[in-house]
Structure formats: C-alpha cells, structure tokens
Amino acid sequence: MPMFMDAHTIEGGVSVSDVAAAHEADLATQGQYGVRYERYWVDEAAGKIFCLVEAPDAQAAASAHREAHGLVADEIFPVAEGV
C-alpha cells in the first residue's frame, strides 16, 4: 500500500501530549478508512506535526484525520522508504 507524509501547522505552537492524544484518535479511526498511521514527529515551538501513514490514497488519510480529531493536514506527500 502507498505511504504518505502529511504536514500540519498549528498557529501558536502545539504540545507533544496534544499530538499524542490526536494520534490515539487516529488509531481508533484508521480502520474505517483502510489506513494505518505509523509514526509522527512534532516541533512544539513551530507548531509543526508530520505524520507517516500507509493509505490507499491521500484522500483516505485526510478523511481519517478529519473524523478522528478535525486536524486535516496542510499538505500530503507520497513518499517511498529510502535505504
């Protein structure tokens, strides 16, 4: 299945604990959309969040985020694992 990296920007910053809670909501919702959230990275001060997700397409990944917590990504990029 294709892999995607999405990028979110939260004005004013974001806490790792809030992102962890959103990730748990993603995990609870992901099966409905045939996606699997793998990992995420956070830059608290800059309000940046990056999520790695396996999904049939970018729209499925966006839909899972939307239903889980409403934080839809600003951008979603198809990615391939490097060596």
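Everything below is about the structure printed above this text.
About the criteria used
Residues numbered from 1 in each chain as written. Predicted model: local features only at pLDDT ≥ 70, side-chain atom pairs only at ≥ 80, totals over all residues. Heavy atoms only, no water. Salt bridge = Lys/Arg side-chain N within 4 Å of Asp/Glu carboxyl O. Buried < 20%, exposed > 50% of the residue type's maximum accessible area, 1.4 Å probe, protein only. Helix = DSSP H or I, 4+ residues; strand = E, 2+ residues; numbered from the N terminus. Pairing = 2+ DSSP bridges. Axes fitted to C-alpha atoms, helices over the stretch in contact; angles between N-to-C directions.

Undergrad: In this structure, what is going on with the pattern of salt bridges? I would like to understand it.
TA: Between side chains of opposite charge, pairing is possible as soon as their charged atoms come close. Applying the stated criterion across every chain yields a total of 2 salt bridges. Its salt-bridge partner being E38, residue R36 comes within 2.5 Å of it at the nearest N-O pair. Here R36 falls in the partly exposed class, since its relative accessible area comes to 44%. A residue is classified by how much of its surface remains accessible, and E38, at 31% relative accessible area, is partly exposed. Residue R36 pairs with E54 through a salt bridge whose shortest N-O separation is 3.3 Å. Of this pair, R36 sits in strand β2 (residues 36-43) while E54 sits in strand β3 (residues 48-54), and the two are 18 residues apart along the sequence. For E54, a relative accessible area of 16% corresponds to the buried category. Members of the salt-bridge network, linked through shared partners, are R36, E38 and E54.

Undergrad: Would you mind showing me how to read the sheet that holds strand β4 (residues 75-79) here?
TA: Think of a sheet as strands paired side by side through backbone hydrogen bonds, with each pair either parallel or antiparallel. One open sheet accounts for 4 strands, arranged β2-β3-β1-β4; its pairing is antiparallel. Only two strands of the sheet have a single neighbouring strand rather than two, namely β2 and β4. Recorded for the sheet is a direction-independent mean angle of 20° between the axes of neighbouring strands.

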